[in-house]
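# Inside the fold
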Amino acid sequence: MRNRPPDMAGARGLFISFEGIDGSGKSTQARMLAEALRALGHTVHLTREPGGSAGAEDIRRLVLEGDPDRWSPETEILLFTAARRDHLEKTIRPALARGEVVITDRFADSTRMYQGIRRGSGTDLRVMVDDLHARMIGVEPDLTVLIDIDAATGHSRAVARAGAEQRFEDMGSEMQARMRDGFLALAQTEPRFAVINGARDPETIAADVLATALAKLA
Ligand code: ADP
Ligand code: TYD
């Protein structure tokens, strides 16, 4: 984990996040990486956001189900960050301290993208996201795997899989395209990112992801 705060000193594990637009194949690849690393003898904790701890899963239901206009953008930022703080305290930090590999399906970059650039509110919300992150979370993954796919493909995959958590999937292809561009731009500025082409069969993608993770573990 980068930028370890004092209470994280001595954490020995590796912290990996998966990011990308809805339907990009993050969950599939996070699961496949966990299985591959376990087969190689690593102890892996596979988790997700929003969620990953009991309190954060409660917040997940509040934020992903129900009326899409229920929360203001600012309240949404607070809810996602509150969920992340609980996830960090209860799940991520203890697992890293035990020396495990933590793989999370989404982390703070999702808030930077989804809350930071949504609704045309521009830089102000992004600044708010980064500010709150610095104060309340203060850590970044060692490796962020960005599964990159075009918005139309991602959208059709996400719609095909639609369930109760429709909140953000209803945003449509145009917003997903902006999100994709935002993720790619962020990846250019942050060395922790590995951008992986998600428009291939799952096994080929998984081989690339595993090679990237093993390079970090070495
Ligand atoms: P995400 O977590 O990014 O939303 P998922 O892993 O849940 O994406 O995948 C979304 C849908 O697309 C699922 O139905 C999944 O089976 C399918 N899928 C995942 N990876 C691929 C792939 N490489 N090619 C085709 N379909 C895929
Ligand atoms: P997820 O279950 O990963 O959805 P998907 O599998 O479709 O990618 O995440 C649920 C939704 O929550 C997703 O549309 C993105 C959104 N989200 C945010 O808006 N902000 C956040 O900080 C996080 C973690 C997720």
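So, here's what we can say about the structure. (Residues numbered from 1 in each chain as written. Chains lettered and ligands numbered in written order. Predicted model: local features only at pLDDT ≥ 70, side-chain atom pairs only at ≥ 80, totals over all residues. Heavy atoms only, no water.)

## Things to note about the overall build of the protein
- Helix and strand counts for the protein come out as 8 helices and 5 strands.
- Reading the secondary structure of the protein in the N-to-C direction produces β-α-β-α-α-β-α-α-β-α-α-β-α.
- When each of the 218 residues of the protein is scored for burial, the buried share is 50%.
- Nonlocal contacts in the protein, meaning residues at least 24 apart in sequence, comprise 78% of its contacts between residues at least 6 apart. (Helix = DSSP H or I, 4+ residues; strand = E, 2+ residues; numbered from the N terminus. Buried < 20%, exposed > 50% of the residue type's maximum accessible area, 1.4 Å probe, protein only. Contact = heavy atoms within 4.5 Å.)

## Side note on the sheet that holds strand β4 (residues 143-148)
- Taken together, the 5 strands give an open sheet; going across it, the order is β2-β3-β1-β4-β5, and neighbouring strands pair in parallel fashion. Among the strands making up the open sheet, the edge pair consists of β2 (44-48) and β5 (193-197). Averaged over all neighbouring strand pairs, the angle between strand axes comes to 20°, with direction disregarded.
- In the sheet, β2 pairs with strand β3 (residues 101-105) via 5 bridges, with the strands oriented parallel. Residue pairing for β3: Val44 is matched across the bridge by Val101.
- Sheet contacts for helix α7 (residues 173-189): β1 (14-19), β4 and β5; angle to β4, the most-contacted strand, approximately 145°. (Pairing = 2+ DSSP bridges. Axes fitted to C-alpha atoms, helices over the stretch in contact; angles between N-to-C directions.)

## Quick word on helix α8 (residues 202-217)
- With 16 residues, α8 ought to run about 22 Å at 1.5 Å a step, and its terminal C-alpha atoms sit 22 Å apart, in line with that.
- Within the span of α8, buried status applies to Ile205, Ala206, Val209 and Ala213. The buried residues of α8 all sit within an arc of 95° when viewed along its axis, so they share a single face. Summarising the geometry of α8, the exposed residues directed more than 90 degrees from the buried face are Glu203 and Ala215.
- Of the surrounding secondary structure, the elements contacted by the buried residues of α8 are β1, α1 (26-39), β4 and β5. (Expected span 1.5 Å × (residues − 1). Arc of directions from axis to C-beta.)

## With respect to α7
- Compared with an ideal rise of 1.5 Å per residue, which puts 17 residues at 24 Å, α7 spans 25 Å between its outermost C-alpha atoms and is within 8% of the ideal.
- Among the residues of α7, those classed as buried are Met175, Gln176, Met179, Gly182, Phe183, Leu186 and Ala187. For α7, the arc enclosing every buried residue in end-on projection is 135°, short of the 170-degree limit, so these residues lie on one face. In α7, those exposed residues whose orientation departs by more than 90 degrees from the buried face are Glu174, Asp181 and Gln188.

## A few points about the site of ligand 1
- Taken together, 15 residues lie around ligand 1, and Gly23, Lys26, Ser27, Thr28 and Arg200 are the ones closest in.
- Within the side chain of Lys26, a nitrogen or oxygen atom sits 2.6 Å from an oxygen atom of ligand 1.
- Thr28 is positioned with one of its side-chain polar atoms (N or O) 2.5 Å from an oxygen atom of ligand 1.
- Considered on its own, ligand 1 offers 560 Å² of accessible surface; in the complex 71% of this is hidden by protein.
- When residues of the shell around ligand 1 are traced back to their parent elements, those giving at least two are α1 and α8.
- Here the element with the most residues in the shell around ligand 1 is α1; it accounts for 3 residues. (Near = heavy atom within 4 Å. Polar contact = N/O pair within 3.5 Å; in protein donor to acceptor, adjacent residues only side chain to side chain. Areas by Shrake-Rupley, 256 points an atom, 1.4 Å probe, with all protein chains shown as cover.)

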